[in-house]
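Topology and contacts: notes
One-letter residues, chain by chain:
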Amino acid sequence: MIDKKTYFNLLNNTVKKANKNDLDSIKELLTYINMNKPKSLFHYRSCSERSIEAFRNNQIFFNFAINFNDPYDCLVYCDIDAIKKQISKMLDFKNLLKLSESINDKNFIENRPVQIPFEEAQKVLNSLKNQNIKDIFNTIPQESLDTISNYLESLSTNTHNEYVSFYKSQMPIVCLSEKYNNILMWSHYADNHKGFVIEYDTDSLQTKCIACPENKTLNNCTNWKEVILLPIVYTNKRFNATDYIYDNILKTAFQKLGNFNWDLSDKFAQYKVNIYKHKCWSYEKEWRLQLYRLSNDNSITVKPKAIYLGCRISKCYEDILVKYAKEQNIDIYKMAENPSKIKYSLTKKKYKC
């Protein structure tokens, strides 16, 4: 079982720190999740033609947060004013040149130009590696400097919502739950109990190149597909993506100069933006499957472990789903109310074929 405090600390630990490999921190996080994940996760579905065909073909189709029922889902927080202030300092190339001359000075910390934060300027210098920063900026055409300045200045013409909404349509997502018998979720996501729930063995949803049965890598597979499985963080505060958005803006901007690649301070932030939800949703006990892919195919193939038919499912859809489940030797259950008991509960009954 996932311990909330441990999980949250591991998430925060993926941010790059001095003398620490951020990739090791990410590996530590994913290892903890893998060791404490539930044996099964459940996908609530309505009886649409698409969802029934997907079940028949063992397909899982991913969606984007911009289409979800909660408008705050994946709506990150960003302090745009703070970003503008930081970028204005980075645009002062003269101070950056002064910084490059004093970077090896023992008294650097005390004497550095105050206009540029030490960590930010050091990031630029580290990205340039052994190149001479003064020679680079001296050889950059003025029109290139104007291009990057204009790009960054465009921040003032963009609205806050354009930045925080951008990530709602970037990562394909599937929403899963630890529970198959949640009455409210059957009402919300399975068409008022007229749909069905699919059970997956969690091990079958683990990170790997799903597109390639052979040993190919991200570099030599044109249809690379990789999934990351993470539990939701239920909190009263949205994910603060200020640093991540700042990094991405500068990464795009400096690519225009063609001299170096801006290094992200948190390489796992692209997944974090999709796992923060308000505490009012905690009853869902949700996990998110996030798809990193090179092609435009937003689906993967995973055989279900079992199917649960809603207590109000129509006979027509019931017969179709039972037929497809029997063809693949998938366990079948039918949900039922318990009118004879005082508690509100749904129970599963083994389907009698």
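The coordinates are above.
The paragraphs below set out a description of the structure included in this document. (Residues numbered from 1 in each chain as written. Predicted model: local features only at pLDDT ≥ 70, side-chain atom pairs only at ≥ 80, totals over all residues. Heavy atoms only, no water.)

1. Comments concerning the packing of aromatic side chains
Rules: Ring pairs shown here join Phe, Tyr and Trp side chains whose ring centres sit within 6.5 Å, with only the six-membered ring taken for Trp; geometry is labelled stacked below 30 degrees between planes, edge-to-face above 60, and tilted in between. In this description a helix means any DSSP run of H or I spanning at least four residues, a strand means any run of E spanning at least two, and both kinds are numbered starting from the N terminus. Throughout this description, buried means an accessible area under 20% of the type-specific maximum (1.4 Å probe, protein chains only), exposed means over 50%, and partly exposed covers the range between. By definition, being over a ring means that NZ of Lys or CZ of Arg is both within 6 Å of the ring centre and within 35 degrees of the ring normal.
This structure, assessed with the given rule, holds eight aromatic pairs. Ring centres of Tyr-44 and Trp-186 lie 5.7 Å apart, and the angle between their planes is 80°; on these two criteria the pair is classed as edge-to-face. Here the residue Tyr-44 occupies a position in strand S1 (residues 40–45), and Trp-186 occupies one in helix H11 (residues 183–189), the gap between them amounting to 142 residues. For the residue pair Tyr-44 and Trp-186, the accessibility class agrees, reading buried in each case. Residues Tyr-308 and Tyr-333 carry aromatic rings whose centres are separated by 5.0 Å and whose planes lie at 15° to one another, so their mutual orientation is stacked. A residue pair is termed long-range when its members are at least 10 positions apart, and Tyr-308 in strand S10 (residues 306–309) and Tyr-333 in strand S11 (residues 331–337) qualify at 25 residues. Judged by relative accessible area, Tyr-308 falls into the buried class, the value being 2%. For Tyr-333, a relative accessible area of 15% puts it in the buried group. Among the aromatic residues, those joined into a cluster by ring pairs are Phe-42, Tyr-180, Tyr-308 and Tyr-333. Taking NZ or CZ as reference, Arg-50 lies 4.0 Å from the ring centre of Phe-61, over its face. In this arrangement the basic side chain of Lys-350 is found over the ring face of Tyr-333, its NZ or CZ atom lying 4.9 Å from the centre.

2. Concerning the packing of helix H3 (residues 49–56) against helix H14 (residues 315–327)
Inclusion rule: Lines fitted to C-alpha atoms define the axes here, with helix axes fitted over just the stretch in contact, and angles between the N-to-C directions of these axes take values from 0 to 180 degrees. Throughout, the term roughly parallel applies to angles under 35 degrees, roughly antiparallel to angles over 145, roughly perpendicular to angles from 65 to 115, and oblique to all others. Helix crossings fall into two classes, left-handed where the near helix is turned counterclockwise from the far one by less than a right angle and right-handed where it is turned clockwise. The contact criterion used is simple: two residues touch if any of their non-hydrogen atoms lie within 4.5 Å. As a working rule, the residues Ala, Val, Leu, Ile, Met, Phe, Trp, Tyr, Cys and Pro are called nonpolar, Asp, Glu, Lys and Arg charged, and the rest polar, with Gly in that last group.
Two elements in contact, H3 and H14, have axes whose closest approach is 9 Å; the angle formed by their N-to-C orientations is 20°. Overall, the two elements H3 and H14 adopt an arrangement that is roughly parallel. Once H3 is placed against H14, the crossing between them reads as right-handed. Every residue of H14 that contacts H3 at Ile-52, Glu-53, Phe-55 and Arg-56 is listed here: Tyr-317, Ile-320, Leu-321, Tyr-324 and Ala-325. Considered class by class, the residues forming the contact of H3 with H14 number seven nonpolar, no polar and two charged.

3. Some points on the pattern of salt bridges
Which entries qualify depends on this criterion: We count a salt bridge whenever a side-chain nitrogen from Lys or Arg sits within 4 Å of a carboxyl oxygen from Asp or Glu.
Counted under the stated rule, the structure contains 13 salt bridges. For Asp-203, the salt bridge goes to Lys-37, with nearest N and O atoms at 3.0 Å. In this pair, Asp-203 is assigned in the loop between strand S4 (196–201) and strand S5 (225–231) and Lys-37 in the loop between helix H2 (22–36) and S1, connecting sequence segments 166 residues apart. With a closest N to O distance of 3.6 Å, Lys-350 and Asp-331 form a salt bridge. One end of the pair, Lys-350, is in strand S12 (residues 346–350); the other, Asp-331, is in strand S11, and 19 residues separate them in sequence. The class of Asp-331 is partly exposed, set by a relative accessible area of 34%. Taken together, the shared-partner salt bridges connect Asp-73, Lys-277, Glu-284, Glu-286 and Arg-288 into one network.

4. Let's talk about the nonpolar core
Test applied: Throughout, nonpolar core names a set of buried Ala, Val, Leu, Ile, Met, Phe, Trp, Tyr and Cys residues whose side chains join them through atoms within 4.5 Å.
Core analysis: the largest hydrophobic core is formed by 63 residues, its most contacted members being Tyr-7, Leu-289, Leu-309 and Leu-321. At five residues, helix H12 (residues 242–255) tops the list of elements feeding residues into this core. Sequence-distant contacts of Tyr-7, defined by excluding residues within four places in its chain, comprise Ile-2, Leu-29, Tyr-32, Ile-33, Leu-230, Pro-231, Val-233 and Ile-275. Among the nonpolar cores identified, the runner-up in size contains twelve residues, and Phe-42, Tyr-44, Met-185 and Leu-346 belong to it.

5. Digging into unusual backbone geometry
Residues other than glycine seldom take positive phi values, yet Asp-191 does so here, at roughly 50°. With respect to the helices and strands, the residue Asp-191 is situated in the loop between H11 and S4. Even without being glycine, Asn-329 reaches a positive phi, approximately 60°. Checked against the element boundaries, Asn-329 lands in the loop between H14 and S11. Classification of Asn-329 as exposed rests on a relative accessible area of 69%.

6. A short note on a positive patch on the surface
Formally: Patches draw on residues past 30% relative accessible area with no salt bridge. Two like charges within 9 Å are joined, as are two nonpolar side chains (Val, Leu, Ile, Met, Phe, Trp, Tyr) within 5 Å. Here the accessible surface of atoms and residues is derived via Shrake-Rupley with a 1.4 Å probe, and residues count as covered only by protein chains that are part of the display. Just so you know, the count uses Lys and Arg for positive and Asp and Glu for negative, and it drops His and the chain ends. Lys charges are placed at NZ, Arg charges at CZ, Asp charges at CG and Glu charges at CD.
A surface patch of positive charge is lined by Lys-4, Lys-179, Lys-279 and Lys-285. One can find Lys-285 in the loop between strand S7 (276–277) and strand S8 (286–293).

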